[in-house]
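# Chains, contacts and geometry: an overview
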Amino acid sequence: MTSTDVRPATAAGLQFPTGFVFGAATAAYQIEGAVDVDGRGPSIWDTFSHTPGKTFAGHTGDVAVEHYTRYPEDVALMGELGLSAYRFSVAWSRVLPEGAGRIEQRGLDFYRRLVDELLSAGIDPWLTLYHWDLPQALQDRGGWTDRDTAARFADYAAVVHGALGDRVAHWSTLNEPMCSALLGHMAGQHAPGHRDPVEASRATHHLLLGHGLATRVLRDAGADHLGITLNFTPMSPATGSPADVDAARRLDGQQNRMFLVPIVTGEYPADVVRDLAAAGAPLPVEDGDLDVISTPVDWLGVNYYFRSTVRAVAEPTGKATAFIGAERIDDIDPAGPTTTMGWGISPEGFTDLMLRLRDLAPGLPLFITENGSAWPDEVGDDGAVHDPERTDYLLRHLAAMTTAIEQGADVRGYFAWSLLDNYEWARGYAQRFGLVHVDYGTQRRTPKDSARAYADVIRRHRGSV
Ligand code: IFM
């Protein structure tokens, strides 16, 4: 760890506001498996993961961690950790196998059973409508590059709310639209695996439009705890040179501000609009769209993992980049230890981010909807999983969060990523983010030491230690 870490990594002394929400998060394709069960239609991630060369060792989410059938055991694990909330996503193509039209009740029934199990364990369900798994049928019609997909998303939101609105209070429209738009359409590293700046820009706008349309539908249906989850990566210039400073501005624009600012202010940041237009990939905004996109939400979900340092270089790096017009911008390798994802560790970046969001989105309560780290965990001879690095990461980031709260950031909850080891998208099963270890051969679940540390934090907060 760096010498500038804010607090010692111990649960003792961490203070959280009254009513603070402690949860863990997952996403449908990463855990459910059962991809051809109960009428589920294919999604873009089924297609992508089954395309040779797209994922680590050809791994797919076909089986994942069998949460579709093992959810009672998983909810029991949440209860043992003392979680007050669980963030999960609904697979659109389980509910609407063709993306629109015919509703598959068996898909909805699975989520009804899951939610009922959570409620009877005293765990609050936090439902995300879209965590990257667009129905393939909609992709075949252009996916997020097609404006109509935004309207189909709102229809889907209405169907899910119709089925679960009586028992789910907390609704999130999208998870990390930056990844859907830019990793999916610019870097080609996520489904649908395209590399086209015009597509990336169109997908960005249509995702945000879909968010706004769905927010209106849910609000009209009576939902009153609505949010969206964005992923933020603070960008710092490697030096104070104008070129490096401009590189950091450009990436900060597309990674962080392009998704948040229109929701909060009803306008895209002017510099981002200029950058995209100059790259020949203007945002396809039509009259009234920004009013829809800025439909008020009740909270902002914040996903944070690491910070980046970037510099301008003279020649194109030749690397796949998620950012439009960024061929001459390079990432500096993080200083200090990295996780198995190759990501640096910066609790200070987490504090800074929350303070920045306090200023960029004044009055909007923040929930940390994801934060976590991947390490090479193994079950030891003693039957336990000792993961000191994850425990340290967790406690330091919780401490960094309390620092931000003390300085006026209105953070009301924290969801660890992830409850379980799971399918880490293009990186397959090689990356373990779980508080609970999963043996992929037997599907046996083993809470790691970090799970016990998190449970200890929660118990102390409740005053039972
Ligand atoms: O696993 C992902 C998750 O699906 C979205 N946020 C980042 C996590 C770690 O990469």
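Up top you'll find the structure we're talking about.
Residues numbered from 1 in each chain as written. Predicted model: local features only at pLDDT ≥ 70, side-chain atom pairs only at ≥ 80, totals over all residues. Heavy atoms only, no water.

### Side note on the overall build of the protein chain
Within the protein chain, the regular secondary structure consists of 15 helices and 13 strands. With the principal axes as the frame, the protein chain shows a C-alpha extent of 55 × 55 × 45 Å. Counting over 465 residues, the protein chain shows a buried share of 60%. As displayed, the protein chain has an accessible area near 16600 Å², and 51% of this comes from carbon and sulfur atoms. Treating the 40 positive side-chain charges of the protein chain as one cloud and the 61 negative ones as another, the clouds have centres 1 Å apart. (Helix = DSSP H or I, 4+ residues; strand = E, 2+ residues; numbered from the N terminus. Buried < 20%, exposed > 50% of the residue type's maximum accessible area, 1.4 Å probe, protein only. Areas by Shrake-Rupley, 256 points an atom, 1.4 Å probe, with all protein chains shown as cover. Lys, Arg positive; Asp, Glu negative; His and termini not counted. Charge placed at Lys NZ, Arg CZ, Asp CG, Glu CD.)

### Some thoughts on the site of the ligand
What surrounds the ligand is the set Gln30, His131, Trp132, Asn175, Glu176, Tyr305, Trp343, Glu370, Trp417, Glu424, Trp425 and Phe433. Trp417 places a side-chain nitrogen or oxygen 3.3 Å from an oxygen atom of the ligand. Glu424 places a side-chain nitrogen or oxygen 2.6 Å from an oxygen atom of the ligand. Split by residue class, the shell around the ligand holds 6 nonpolar, 3 polar and 3 charged. (Near = heavy atom within 4 Å. Polar contact = N/O pair within 3.5 Å; in protein donor to acceptor, adjacent residues only side chain to side chain. Nonpolar A, V, L, I, M, F, W, Y, C, P; charged D, E, K, R; others polar.)

### Here's the deal with the packing of helix H10 (residues 242–265) against helix H13 (residues 347–360)
Packing of H10 against H13 leaves a shortest axis separation of 11 Å and a crossing angle of 35°. Both H10 and H13 take part in a crossing whose hand is right-handed. Between H10, through Asp252, Asn256, Arg257, Leu260 and Val264, and H13, the contact on the second element is made entirely by Arg356, Leu357 and Leu360. When the residues that make up the contact of H10 with H13 are grouped by side-chain class, the tally is 4 nonpolar, 1 polar and 3 charged. (Axes fitted to C-alpha atoms, helices over the stretch in contact; angles between N-to-C directions. Left-handed = near helix turned anticlockwise from the far one by under 90°. Contact = heavy atoms within 4.5 Å.)

### Digging into the packing of H13 against helix H14 (residues 388–406)
Contact pair H13 / H14: the axes reach a minimum separation of 8 Å and the direction vectors enclose 30°. What the angle tells us is that H13 and H14 run roughly parallel. Classified by chirality, the crossing of H14 by H13 is right-handed. On H14, the residues touching Pro347, Phe350, Thr351, Met354 and Leu355 of H13 are Arg396, His397, Ala400, Met401, Thr403 and Ala404. Residue composition of the contact of H13 with H14, grouped by class: 7 nonpolar, 3 polar and 1 charged. (Parallel < 35°, antiparallel > 145°, perpendicular 65-115°, else oblique.)

### A few points about unusual backbone geometry
The amide bond that connects Ala191 to the next residue, Pro192, takes the cis arrangement and shows omega of 10°. In this fold, Pro192 is placed in the loop between helix H8 (177–185) and helix H9 (197–220). Going from Trp417 to Ser418, the amide bond is cis rather than trans, its omega being 10°. Mapping Ser418 onto the fold places it in the loop between strand S11 (411–417) and strand S12 (436–438). One non-glycine residue, Ala64, lies in positive phi territory at about 50°. Counting through the fold element by element, Ala64 comes out in the loop between helix H2 (44–49) and helix H3 (67–81). By relative accessible area, which is 3% here, Ala64 ends up buried. Even without a glycine there, the phi angle at Glu176 is positive, about 50°. Along the polypeptide, Glu176 turns up in the loop between strand S4 (170–175) and H8. Judged by its relative accessible area of 6%, Glu176 is buried.

Bear in mind that shape data such as this cannot, by itself, settle questions of function.
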